[in-house]
Amino acid sequence: MLLHIPDILTPAEVQHAQSLLADAPWLDGRASAGSQARAVKNNEQLPHDCDAATQIRTLLLRGLDRNPTFFSAALPKKVFTPRVNRYGGDSNFYGNHVDNAVRFAPDSGQRVRTDISCTLFLSDPASYDGGALVVQDSAGPQQVKLPAGHLVLYAGTSVHQVTPVTRGVRLACFFWIESMVRSQEQRQLLFNLDMALLRLRQQHGESDETTALTGSYHNLLRMWADT
Ligand code: NI
């Protein structure tokens, strides 16, 4: 699964986030990486509790809340506290790695299993060179570089990297989701069914068939969801 969800943030929210980051207190990103990742990581992150990080997190969580595609794709049970990072200058890449399977949320100490990895792009892609997120999936390496305010979701099990930023600065938010449906295969099936139902309703309106299929969707979710 690799899913692009546009417009999680409005242009005004993106601009607000960018202004908050203009003189934010950046730290070495290696502090939050596991030992394998630390060896290949060279970027900067905001302290999770600074003002800019807190405000951007609020914008992002609000954006996720109002987005039905995000909910359908992720079926979130827990969302790890989103963090903000920066690639540019001498701290400009993150080599191939797999994210740690379990993260401890900084506020609550709550464990989050990283079923899904997420990146929200915060910089205009024309403002920097390099900085693509490259995710190895079953179809080979997928290059992702999205407009500001757009989100990508990919399987937490994937090897991935951020290629060196050779001009400008790449700002992004990153976080993980523990899904109610742990299996990628089951989650994908539910998402496909939900999206097909949405299109069916748009084209033909409500019918006994859409009611029956919606029932099947919910009964599958009931069977597979761990709440
Ligand atoms: Ni990663």
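These figures come from a predicted structure and were not determined experimentally. (Residues numbered from 1 in each chain as written. Predicted model: local features only at pLDDT ≥ 70, side-chain atom pairs only at ≥ 80, totals over all residues. Heavy atoms only, no water.)

### Some remarks on the side chain of Asp115
Reasoning step 1: Relative to the helices and strands, Asp115 resides in the loop between β9 (111–113) and β10 (116–121).
Reasoning step 2: On the basis of relative accessibility, which here comes to 10%, the residue Asp115 falls in the buried class.
Reasoning step 3: If sequence neighbours within four positions are ignored, Asp115 has contacts with Ala155, Gly156, Ile177, Glu178, Ser179, Arg182 and Arg187. (Helix = DSSP H or I, 4+ residues; strand = E, 2+ residues; numbered from the N terminus. Buried < 20%, exposed > 50% of the residue type's maximum accessible area, 1.4 Å probe, protein only. Contact = heavy atoms within 4.5 Å.)

### Observations regarding the coordination of the nickel ion
Reasoning step 1: Taken together, His97 (NE2), Asp99 (OD) and His160 (NE2) make up the protein donors of the nickel ion, found 2.1 Å from the metal.
Reasoning step 2: Sequence spacing of the donors to the nickel ion: H-x1-D-x60-H. With a gap of 63 residues between them, His97 in strand β7 (residues 93–97) and His160 in strand β15 (residues 160–162) connect regions that are remote in the sequence. Just as His97 is buried, His160 falls in that class too. (Donors = N, O, S within 2.8 Å, 3.2 Å for Na, K, Ca; no water.)

### Digging into the packing of aromatic side chains
Reasoning step 1: Evaluation of the coordinates by the stated rule reveals 2 aromatic pairs.
Reasoning step 2: Seen from their ring centres, Phe80 and Trp176 are 5.2 Å apart, and the 75 degrees between their planes marks the pair as edge-to-face. Of this pair, Phe80 sits in the loop between β5 (76–79) and β6 (83–87) while Trp176 sits in strand β17 (residues 170–179), and the two are 96 residues apart along the sequence.
Reasoning step 3: Here Phe80 falls in the buried class, since its relative accessible area comes to 5%.
Reasoning step 4: For Trp176, a relative accessible area of 5% corresponds to the buried category. (Phe/Tyr/Trp six-rings, centres within 6.5 Å; stacked < 30°, edge-to-face > 60°.)

### Overview of the domain arrangement of the protein chain
Reasoning step 1: Structurally, the protein chain comprises domain 1 (2–179) and domain 2 (184–224).
Reasoning step 2: With centres defined by C-alpha atoms, the gap from domain 1 to domain 2 works out at 30 Å.
Reasoning step 3: Each partner contributes residues to the interface: domain 1 has 11 residues there, and domain 2 has 8 residues.
Reasoning step 4: Summed over the three residues of domain 1 that lose the most area to domain 2, namely Ser72, Ala73 and Leu75, the buried surface amounts to 54% of that side.
Reasoning step 5: One can count 0 salt bridges joining domain 1 with domain 2.
Reasoning step 6: The interface formed by domain 1 and domain 2 holds 2 residue pairs in polar contact (both at pLDDT 80 or more) in total.
Reasoning step 7: With 4 residues, helix α4 (residues 68–74) is the largest single contributor of residues to the side of domain 1 that touches domain 2. (Domains from an automatic or database assignment. Buried area = accessible area lost by both parts, 1.4 Å probe. Salt bridge = Lys/Arg side-chain N within 4 Å of Asp/Glu carboxyl O. Polar contact = N/O pair within 3.5 Å; in protein donor to acceptor, adjacent residues only side chain to side chain.)

### Concerning the side chain of Asn43
Reasoning step 1: With respect to the helices and strands, the residue Asn43 is situated in the loop between β3 (41–42) and β4 (44–45).
Reasoning step 2: Polar side-chain contacts of Asn43 include one of 3.1 Å to the side chain of Tyr87.
Reasoning step 3: What Asn43 contacts, discounting residues up to four positions off in sequence, is Leu27, Asp28, Gly29, Asn85, Arg86, Tyr87, Ser91, Phe93 and Tyr94.

### Topic: the environment of Asp115
Reasoning step 1: Here the alpha-carbon distance between Asp115 and Asn96, two residues 19 residues apart in the chain, equals 18 Å.
Reasoning step 2: A polar contact of 2.8 Å, which involves the side chain of Asp115, links it to the backbone nitrogen of Ser179.

### Points about the pattern of salt bridges
Reasoning step 1: In the structure shown here, the tally under the stated rule is 9 salt bridges.
Reasoning step 2: The partner of Glu13 in a salt bridge is Arg66, and the shortest N-O contact between them spans 2.7 Å. You can see Glu13 sitting in helix α1 (residues 11–20) and its partner Arg66 sitting in the loop between α3 (51–65) and α4, a full 53 residues away along the chain.
Reasoning step 3: Of the residues examined, Arg66 reaches a relative accessible area of 42% and is grouped as partly exposed.
Reasoning step 4: Its salt-bridge partner being Lys78, residue Glu178 comes within 3.7 Å of it at the nearest N-O pair. Within this pair, whereas Glu178 is found in strand β17, its partner Lys78 is found in strand β5, the two being separated by 100 residues in sequence.
Reasoning step 5: With relative accessibility at 6%, the residue Glu178 sits in the buried group.
Reasoning step 6: Look at the salt bridges and you will find they share partners, linking Lys77, Lys78, Glu178 and Asp226 into a network.

### Points about helix α6 (residues 208–224)
Reasoning step 1: Taking 1.5 Å of rise per residue, 17 residues should cover 24 Å, and α6 covers 24 Å from first to last C-alpha, within 8% of that figure.
Reasoning step 2: Thr210, Tyr217 and Leu221 are the residues of α6 that are buried. In an axial view of α6, the angular spread of the buried residues amounts to 35 degrees, which keeps them on one side of the axis. Exposed and facing more than 90 degrees away from the buried side of α6 are Asp208, Glu209, Arg222 and Met223.
Reasoning step 3: Looking at the buried side of α6, the elements it contacts are α5 (184–204). (Expected span 1.5 Å × (residues − 1). Arc of directions from axis to C-beta.)

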